[in-house]
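Read off the chains here:
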Amino acid sequence: MADAASVRAHAQYDCTLGIESVLLTILIIVNIPIYLLIAWLIFDTQANAADTIFDTVVSILKAIFIPRFVRVLMEDDDGGADTLILVVYLFLCGIIVYGQYFLIEKYFFN
């Protein structure tokens, strides 16, 4: 049989996992404007300047989800959308969420 202390510790651990998941989800959703700003700074060059932020988002989604050879076949290849730039973009977005999560954990949950 499990003693009361281990049951309470397990219940507290489960509660902490739920709070962490909710916090990460909120951070990801709240940071969408920051992701769009970073995408605009990285992908919107002078040669490929988009008219609206929507055009920038569509071009980023095309570069992420459609393989390059398919874009070349469709004659819609964006020469500036290299794989390394996409990896750096996703890494920056992850670093932003991790940094905010770290600060919240450090100053609010301890």
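Let us look at the structure shown here.

Procedures and definitions
- Residues numbered from 1 in each chain as written.
- Predicted model: local features only at pLDDT ≥ 70, side-chain atom pairs only at ≥ 80, totals over all residues.
- Heavy atoms only, no water.
- Phe/Tyr/Trp six-rings, centres within 6.5 Å; stacked < 30°, edge-to-face > 60°.
- Helix = DSSP H or I, 4+ residues; strand = E, 2+ residues; numbered from the N terminus.
- Buried < 20%, exposed > 50% of the residue type's maximum accessible area, 1.4 Å probe, protein only.
- Patch = residues over 30% accessible without salt bridge, like charges linked within 9 Å, V, L, I, M, F, W, Y side chains within 5 Å.
- Areas by Shrake-Rupley, 256 points an atom, 1.4 Å probe, with all protein chains shown as cover.
- Salt bridge = Lys/Arg side-chain N within 4 Å of Asp/Glu carboxyl O.

1. Quick look at the packing of aromatic side chains
Evaluation of the coordinates by the stated rule reveals 1 aromatic pair. Aromatic side chains Y98 and F102 sit 6.4 Å apart centroid to centroid with 25° between the ring planes, which places their arrangement in the stacked category. Of the two residues, Y98 and F102 both sit in helix α5 (residues 83-108), 4 residues apart, roughly one turn of that helix. Taking the relative accessible area as the measure of exposure, Y98 reaches 54% and is therefore exposed.

2. With respect to a nonpolar patch on the surface
Among the surface-exposed residues, I19, Y98, F102, L103, Y107, F108 and F109 lie close enough to one another that they form a single nonpolar patch of about 830 Å² accessible area. For the nonpolar patch, the element with the most residues is α5, which contributes 5 residues. Along the chain, L103 falls in helix α5. With a relative accessible area of 45%, L103 lands in the partly exposed category.

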